[in-house]
Amino acid sequence: MNIAANNGDWSGSWVAERLGVELVGDDGLTALLGLALRRNPRRAHLLVSNVLGKHVPQSPSVVYGHGFALGRRVRDLLGEREAARAVVVGYAETATGLGHSVADGIGLAPYLHSTRRPVPGLTPAGGFEESHSHATSHLLLPEDPALLAADGPLVLVDDEFSTGNTVLNTIRDLHARYPRKRYVVVALVDMRSREDAGRLADFAGEIGARVDLVAAASGTVRLPEGVLEKGQELVARYEESAATGDSSSAAVSGPAAQFPAPPGGSGQPPQGARGCVEPAATAAWARPAPTHPHLTGNRTTPHLSRIDLHWPHGLPDGGRHGFTPAHRIRLESALPLMAARLAEALPPDARRVLTLGFEELMYAPLRIARELEALVAAEVRYSTTTRSPVLAVDDPGYAIRSRLVFPAHDNPADGPGERYAYNVAGAGFDAVVLFVDSAGDTPELHAPDGLLDRLGAHAPHVLLAVVPSYVPALTEESPAMLPEPLRGPAFSSYPAEDVGWLLQDLSDVTLEAPTEEREEAIQSGGAHYAESLPVEYQPSDQYQALFHAALETSAARLAEAVGVVTETVLAERSPRPVLVSLARAGTPVGVLMRRWARFRYGLDLPHYAVSIVRGRGIDANALRWLAAHHDPRDVVFVDGWTGKGAITRELADAVEEFEKRSGVSGFDPEIAVLADPGSCVRTYGTREDFLIPSACLNSTVSGLISRTVLRADLVGPDDFHGAKFYRELAGADVSVAFLDAVAARFAEVVEAVDAAVKELAVADRTPTWVGWAAVERISEEYGIHDVNLVKPGVGETTRVLLRRVPWKILARAGAGADLDHVRLLAEQRGVPVEEVGELPYTCVGLIHPKYTRGATGADGRAVNV
């Protein structure tokens, strides 16, 4: 398609008519792009995106939607497995928000954008030149040096792909440092010539890598001979008209005199406030500017407010130093509350609101603006300030209708200079919300002729939201950097968004030992139970049938318990909790609680799984990671059930010890559980001892993840505890099927959940520890004299039969189908089931107390670490 030069409806027609520039390409090209002129010795024209959110105010949903859709296309191109290994790099300053949105679309990709803001003491992981830019040098400054070192696909994101030089420079620099086999280049528009496209293909062949391209639209720019000189002459003519204009333009002085905006394209500069260029007539894309009582001539006395967003502590403000999937989850959790605070601060009669980002700070303002758009009746638009100098012409056929000029206010490394905000003046905004990071909240921002002053000339309400600037900690005393959580499909069969495992992958280590050998080693003190793994029980067809029957009959009961415990957590613990399940029995419960919150309230709660080991405590490094990424006060520990309460006590002691050693405070050690038959906690779904089908199986109902492992030769002082991913058991995996079966019953139990929650809210839920008393009594009555060998409750009894050496099973007289699987397992292992009259639990499993033989480990040697 040729875009004719006389197409007056297109915001590039003014340039096309005067310079003979033509766009040739897809039908959607004019909707995405307009044209403007810039002061640049290398390129006269500027492609102005209508959907990028940089120069043209646009709906934040539209801006985010374009980037997210490109990310989805990349994920489809790469496939799920490779997409999970990808890293995304965006280009400063224009594409920092676009690149971040693409990373969101891919799903789990960490994100880094180039920057022009160096950090003393932080060594660049790369750098490159953008030859046509107004500021050419880019730095890559990841906090984690390993971010770019992996060999997964590298996704490079820019707003436009014009010649390919920037991408070539980037890949050349990074490939020399971190060679890999695949690159994906992403842009809103691909405007390369045929020759430029060939250069990229040849370059890919030279380095032996595959380079793909994903773009929303493609085409080329046809430039007539001498267009650069002609464009420079046209810009100079408008500069001169400002310098020699009549008295009507005397107010346009200082920096603004360089690029005046002639009314209607007449060549005469308009009246305007000092330091800014205003349109003489309202732009075609703007609603008529309302008359405000604050306006006095060309100046205003705006109402200026500062908003405390309650930005999460320690959360990076963007991808300048890396933004991980865990950061993304944390931001998603905080967005609704931040947007609500902003909505409350807006004037109630505002009809048009501009959310204005700040140079590289594009993504955080975009996401908050998108949330705000759904909360308020006003029309919300989004754009950002920029370093790029562009001529402003108030003509419907020109993309940059007005321009504000103001001094830089973040102490830039390359020295002071002018900065710009386009298409803001004269756009009729009732309120402007300016987002800056704390590095930009300087006296220059608040000074006369500063950005706040400029904005005040064009809106009666200006609100300032400051996001803390994230700077990596560089002190030598800082603890070792911990890796990001493991996620499916690379680790576990759960979908990646369901849970992040704060564990290390020990799948390649042989850890399994025969059950009897492990039992003797554990009881004799030769080894701790967490130093090896039992051989994974492979259920018979009969046992599998029992599991499915139990799931069918108990799914609604489970769904109700999930709803009750989740509602209690939301009401009493945190409105945006961070769910932290105790691996592995707690993990399916944490996923179901996450699903309930999404089903009932649309909440996307963070969920992680951590290791806790009886006698060794909780993984302190996992707590350290959680404290660095979330507010500890929002963390809610989750488990499946309580038995005698040993883990409940273990967690309380471990958290107290961690806080003493680390100085971090705020973690609440009380566990939230589905079932609390032992009366050990206050937050539960029920206190009945009933069958939770996930207790019937091992890894095949827990994402194919083993029990956690803590062994000195495998887990160092700065490592997460370990676990194995049993990929080879995928054919028997029912993990997701279990979740789906329970979640399918959510809708039918809502009323029952609400009624139960009301009852619990006024009930006395003080733990009585009745279970612990029963265990002590049983231990003495049966001559065991070790409470650790008494495992009360259906879940714990099942574990005894699956993993330990059982001695006998105590079953409450009259217990029904909840014990069918227990009876079957006991029969298969030759374990007697003894019915007893008085038992606070449905059943109790007794581990055999008489093991004395020397045990051997999986490698044939004594298990003694």
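Student: Just give me the short version of the overall build of the chain, but keep the residues and values in it.
Tutor: Looking only at helices and strands, one finds 22 helices and 35 strands in the chain. Long-range contacts, defined here as pairs at least 24 residues apart, represent 76% of the contacts in the chain between residues at least 6 apart. Approximately 32,100 Å² of the chain is accessible, and the part contributed by carbon and sulfur atoms is 50%.

Student: Describe in detail the side chain of R117, supporting the description with residues and values.
Tutor: One can find R117 in the loop between β5 (111–113) and β6 (126–129). Within polar-contact distance, the side chain of R117 engages the side chain of D410 at 3.5 Å. Engagement of the side chain of R117 in a polar contact is seen with the side chain of D437, the distance being 2.9 Å.

Student: Describe the sheet that holds strand β20 (residues 461–467), and please don't skip the residues or the numbers.
Tutor: In space, the five strands of this open sheet follow the order β14-β20-β19-β15-β16, with parallel pairing throughout. Two strands close off the open sheet at either side, each with one partner strand: β14 (303–307) and β16 (379–385). Each neighbouring strand pair of the sheet contributes to a mean axis angle of 20 degrees, computed without reference to strand direction. Running over the sheet, helix α9 (residues 325–345) touches β14, β19 (431–437) and β20 and is turned about 160 degrees from β14.

Student: Explain helix α3 (residues 60–78) to me, using residue names and the numbers behind them.
Tutor: An α-helical segment advances 3.6 residues per turn. Residues three or four places apart therefore align on the same side. Helix length check: α3, at 19 residues, gives a terminal C-alpha distance of 27 Å against a target of 27 Å (1.5 Å per residue), a fit within 8%. In the stretch just after α3, G79 is the one whose phi turns positive, near 85 degrees.

Student: Run through the nonpolar core, naming residues and quoting values.
Tutor: Of all hydrophobic cores here, the largest spans 130 residues; its most connected members are L37, L148, V155, V186, Y398, L434 and L455. The leading source of residues in this core is strand β9 (residues 182–190), at seven residues. Residues within four places of V155 in sequence aside, it is in contact with V74, A86, V87, V88, V89, I106, V184 and V186. Grouped together as the second largest cluster of nonpolar side chains are 111 residues, A585, V589, L674 and A723 included.

Student: Outline the pairing of strand β8 (residues 154–161), listing residues and values.
Tutor: Most of β8 is tucked away, with eight of its eight residues classed as buried. Examined bridge by bridge, strand β4 (residues 87–90) and β8 share four bridges and lie parallel to one another. Note on β8: the bridge partner recorded for G90 is V157. In terms of strand pairing, β8 meets β9 through seven bridges, oriented parallel. Residue pairing across strands places V157 opposite V186, the latter belonging to β9. With respect to chirality, the unit in which β8 leads through helix α6 (residues 165–177) into the neighbouring parallel β9 is right-handed.

Student: Which residues make up the packing of helix α14 (residues 541–572) against helix α22 (residues 820–829), and what are the values?
Tutor: Running from amino to carboxyl end, α14 crosses α22 at an angle of 165 degrees, the nearest separation of the two axes being 10 Å. As far as their axial angle goes, α22 and α14 are roughly antiparallel. In this structure, α14 meets α22 at a crossing whose hand is left-handed. Contacts between α14 and α22 involve Q542, Y543 and L546 from the former and D820, H821, L824 and L825 from the latter.

Student: Tell me about the packing of α14 against helix α19 (residues 750–762), and name the residues and values.
Tutor: Contact pair α14 / α19: the axes reach a minimum separation of 9 Å and the direction vectors enclose 50 degrees. On the basis of their axis angle, the class for α14 and α19 is oblique. In terms of crossing hand, the pair formed by α14 and α19 is right-handed. Across the interface between the two elements, E560, G563, V564, E567 and T568 of α14 pack against A752, V753, A756, V757 and L760 of α19. Residue composition of the contact of α14 with α19, grouped by class: six nonpolar, two polar and two charged.

Student: An account of the pattern of salt bridges is needed here, citing residue identities and associated values.
Tutor: Where side chains of opposite charge bring their charged atoms close, a pairing between them can arise. In this structure the tally under the stated criterion is 45 salt bridges. Among the salt bridges present, the one from R727 reaches D505, with a minimum N-O distance of 3.7 Å. Within this pair, whereas R727 is found in the loop between β31 (722–723) and α18 (735–743), its partner D505 is found in strand β22 (residues 504–505), the two being separated by 222 residues in sequence. Connected through salt bridges with shared partners, the residues R117, D317, R320, E360, D410 and D437 form a single ionic network.

Student: Before we move on, can you summarise the packing of aromatic side chains with the specific residues and values?
Tutor: Here the distance between the centres and the angle between the planes together describe a pair of aromatic rings. The tally for this structure, following the rule as stated, stands at 13 aromatic pairs. Ring geometry for F637 against F667: centres 6.3 Å apart, planes inclined by 40 degrees, an arrangement best described as tilted. Pair noted here: F637 is in strand β28 (residues 635–641) and F667 is in the loop between α17 (646–662) and β29 (671–675), with a separation of 30 residues, a long-range link. Note on F667: relative accessible area 6%, which makes it buried. Among the aromatic residues, those joined into a ring-pair cluster are F491, Y494, W501 and F725. Seen from the ring of Y64, R367 lies directly overhead, with NZ or CZ sitting 4.5 Å from the centre. Cation over ring: R649 sits above W769, and NZ or CZ is 4.3 Å from the ring centre.

Student: Explain the environment of P669 residue by residue, including any values.
Tutor: Relative to the helices and strands, P669 resides in the loop between α17 and β29. On the basis of relative accessibility, which here comes to 25%, the residue P669 falls in the partly exposed class. The spatial distance from the C-alpha of P669 to the C-alpha of L651 is 6.0 Å, given a sequence separation of 18 residues. Those residues in contact with P669, other than ones at most four positions away along the chain, are F637, L651, A652 and V655.

Student: Could you give me a rundown of α14, with the residues and numbers involved?
Tutor: With 32 residues, α14 extends 43 Å between its outermost C-alpha atoms, agreeing within 8% with the 46 Å of an ideal straight helix rising 1.5 Å per residue. The largest bend in α14 amounts to roughly 55 degrees and is located at S554.

Student: Break down the sheet that holds strand β34 (residues 833–836) for me, with residues and values.
Tutor: In space, the four strands of this open sheet follow the order β32-β35-β33-β34, with mixed pairing throughout. Each having just a single partner strand, β32 (790–792) and β34 make up the two edges of the open sheet. On average, adjacent strands in this sheet sit at an angle of 20 degrees to one another, irrespective of strand direction. Here β32 pairs with strand β35 (residues 843–847) via three bridges, running antiparallel. Each residue of the ladder has a partner; that of V790, found in β35, is L846.

Student: Hey, could you go over the confidence of the model for the chain for me, with residue numbers and the actual values?
Tutor: On average, the chain scores 82 in pLDDT, and the residues at 70 or more come to 85%. In this model, residues 1–6 is a region of pLDDT below 50 whose contacts with residues beyond four sequence positions or in other chains number 16 contacts. Residue range residues 852–865 is modelled with pLDDT below 50. Its contacts to residues more than four positions away, or to other chains, number 31 contacts.

Student: Describe the pairing of β19, with residues and values.
Tutor: In terms of burial, β19 is largely enclosed, as seven of its seven residues are buried. Of the pairings in the sheet, the one linking strand β15 (residues 352–358) to β19 comprises four bridges and is parallel in character. Across the sheet, residue L354 finds its bridge partner in β19, namely V432. Here seven bridges tie β19 to β20, and the two strands are oriented parallel to one another. Residue L434 lies in a different strand from β20, and its bridge partner there is L464.

The rules behind each value
Residues numbered from 1 in each chain as written. Predicted model: local features only at pLDDT ≥ 70, side-chain atom pairs only at ≥ 80, totals over all residues. Heavy atoms only, no water. Helix = DSSP H or I, 4+ residues; strand = E, 2+ residues; numbered from the N terminus. Contact = heavy atoms within 4.5 Å. Areas by Shrake-Rupley, 256 points an atom, 1.4 Å probe, with all protein chains shown as cover. Polar contact = N/O pair within 3.5 Å; in protein donor to acceptor, adjacent residues only side chain to side chain. Pairing = 2+ DSSP bridges. Axes fitted to C-alpha atoms, helices over the stretch in contact; angles between N-to-C directions. Expected span 1.5 Å × (residues − 1). Core = buried A, V, L, I, M, F, W, Y, C linked by side-chain atoms within 4.5 Å. Buried < 20%, exposed > 50% of the residue type's maximum accessible area, 1.4 Å probe, protein only. Right-handed = clockwise from strand over helix to strand, strands pointing away. Parallel < 35°, antiparallel > 145°, perpendicular 65-115°, else oblique. Left-handed = near helix turned anticlockwise from the far one by under 90°. Nonpolar A, V, L, I, M, F, W, Y, C, P; charged D, E, K, R; others polar. Salt bridge = Lys/Arg side-chain N within 4 Å of Asp/Glu carboxyl O. Phe/Tyr/Trp six-rings, centres within 6.5 Å; stacked < 30°, edge-to-face > 60°. Lys NZ or Arg CZ within 6 Å of the ring centre and 35° of its normal. Bend = angle between axes of the 7 residues up to and from the residue. pLDDT = per-residue confidence, 0-100.

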